[in-house]
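Tertiary structure, described
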Amino acid sequence: MSPETGRQDVRQDARRPRSVYQVGHEPDPRFSLANERTALAWVRTSLAMVAGGVGLTSVARLVGLTRWVDLIAGVMCLLGAWLAISAVLGWRRKELALRTGRELPAPVALPWLAAAIFLAGCVLAAVVFAAGRAG
Amino acid sequence: MARDPGLQPERTALAWQRTGVTGSLVGGVGVLAAAHRGSEPLVVIAALLAAVGAAAAGYASTRPQPALHRGLPFSPWGRLVATASVSVLVGIIGALLALAP
């Protein structure tokens, strides 16, 4: 081992979280960077859910829509918060898989996200139609 | 990693910028929503979160790209947790605003 490699190992040990960086081998940096971008895309999805929820409840209060809309908005905000946590945990799981050479784990949050958006869309459509009939 | 023709470090830095800008926008939306309900503590918290989002966007441009091109070890953990926390906290504020009577 060259002195240079030795220095790199010391620096590698200093990285956090230790539970990730003290396991396995250093993968191709491009894979790590791709994993990082995937996590960031999930964080943006989560931020979009939160923004949608906050916007929805604000509009619902302004124009006096039914409290069902507030309920959907609250659930969207909580789902967004959960997606952000899932993004961080997913990054950790995938980085561990890259370092240990195992298969990449499945994207757990993806089917839940799609189902939640589908349900929210259906309920909101029902609210809009009901409001249209009443008005 | 010698010169990467896929420009992965640059793409990652840009992804950080997009996320940081989105984070500060969502914090701003939280400020407006909390102000509309007249909740001063939530306005302050949301404003702080917007600042964290903006800081993440700014910090992304300071990322050591030449070092990344050489494949030096680098961990996104701290920034990732900070940025995700913005979303978690604004999400909780939004849920409080939505579900409050």
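Calculation criteria
- Residues numbered from 1 in each chain as written.
- Chains lettered and ligands numbered in written order.
- Predicted model: local features only at pLDDT ≥ 70, side-chain atom pairs only at ≥ 80, totals over all residues.
- Helix = DSSP H or I, 4+ residues; strand = E, 2+ residues; numbered from the N terminus.
- Rg over C-alpha atoms; globule rule 2.2 N^0.38 Å.
- Buried ≥ 20, exposed ≤ 12 C-beta atoms within 10 Å, placed from the backbone.
- Contact = placed C-beta atoms within 7 Å.
- Expected span 1.5 Å × (residues − 1).
- Arc of directions from axis to C-beta.
- Nonpolar A, V, L, I, M, F, W, Y, C, P; charged D, E, K, R; others polar.
- pLDDT = per-residue confidence, 0-100.
- Core = buried A, V, L, I, M, F, W, Y, C linked by C-beta atoms within 7 Å.
- Axes fitted to C-alpha atoms, helices over the stretch in contact; angles between N-to-C directions.
- Parallel < 35°, antiparallel > 145°, perpendicular 65-115°, else oblique.
- Left-handed = near helix turned anticlockwise from the far one by under 90°.

A look at the overall build of chain A
Of the regular secondary structure elements, chain A holds five helices and zero strands. Along the chain direction, N to C, the helices and strands of chain A fall in the order α-α-α-α-α. Computed over its C-alpha atoms, the radius of gyration of chain A comes to 21 Å, more than 25% above the 14 Å expected for a compact globule of 135 residues. Projecting the C-alpha coordinates of chain A onto the three principal axes gives extents of approximately 80 × 25 × 20 Å. Taken over 135 residues, chain A has a buried fraction of 33%. Of all intrachain contacts in chain A linking residues separated by at least 6 positions in sequence, the fraction that spans at least 24 positions is 71%.

Quick word on helix α2 (residues 40-60) of chain B
Side chains that are three or four residues apart share a direction in an α-helix, a result of its 3.6 residues per turn. Residue and element names in this part refer to chain B. In this model, α2 (21 residues) spans 31 Å end to end at C-alpha, consistent with the 30 Å of a helix rising 1.5 Å per residue. Considered for burial, the residues of α2 that qualify are Leu42, Ala46, Leu49, Ala50, Gly53, Ala56 and Ala60. Across the axial projection of α2, the buried residues extend over an arc of 115°, all falling on one side. In this structure, α2 carries Glu40, Pro41 and Val44 as exposed residues pointing more than 90 degrees from its buried face. Buried residues along α2 sit against α1 (8-36) and α4 (77-99).

With respect to the interface of chain B and chain A
Residue-level contacts link 38 residues of chain B with 37 residues of chain A. Looking at the side of chain B that touches chain A, the elements with two or more residues in it are α1 and α4 of chain B. A class-by-class count of the residues in the side of chain B that touches chain A yields 21 nonpolar, 14 polar and three charged.

Overview of the confidence of the model for chain A
Summary statistics for chain A give a mean pLDDT of 88 and a share of 90% for residues scoring 70 or more. The secondary-structure element of chain A with the lowest mean pLDDT is helix α1 (residues 3-14) of chain A, recorded at 48, while helix α4 (residues 67-100) of chain A shows the highest, at 96.

Topic: the nonpolar core
Nonpolar side chains tend toward joint burial in soluble globular proteins. In this structure, Val50(A) and Cys77(A) are the most contacted members of the largest nonpolar core, which totals 48 residues. Within the residue set of this core, elements represented by two or more residues are α3 (29-63), α4 and α5 (109-134) of chain A together with α1, α2 and α4 of chain B. Tallying contributions element by element places α4(A) first for this core, with twelve residues. Not counting residues up to four positions away in its chain, the partners in contact with Val50(A) are Cys77(A), Gly80(A), Ala81(A), Val26(B), Ser87(B), Val90(B), Gly91(B) and Gly94(B).

Considerations on the packing of α1(B) against α4(B)
Residue and element names in this part refer to chain B. Running from N to C, α1 and α4 point in directions that differ by 20°, and their axes come no closer than 10 Å. With respect to α4, the axis of α1 lies roughly parallel. The element α1 and its partner α4 pack so that their crossing is left-handed. Along its contact with α1, which presents Thr19, Gly23, Val26, Gly27, Gly30, Ala33 and Ala34, the element α4 presents Thr83, Val86, Val90, Ile93, Gly94 and Leu97. Along the lines of polarity and charge, the residues of the contact of α1 with α4 split into seven nonpolar, six polar and no charged.

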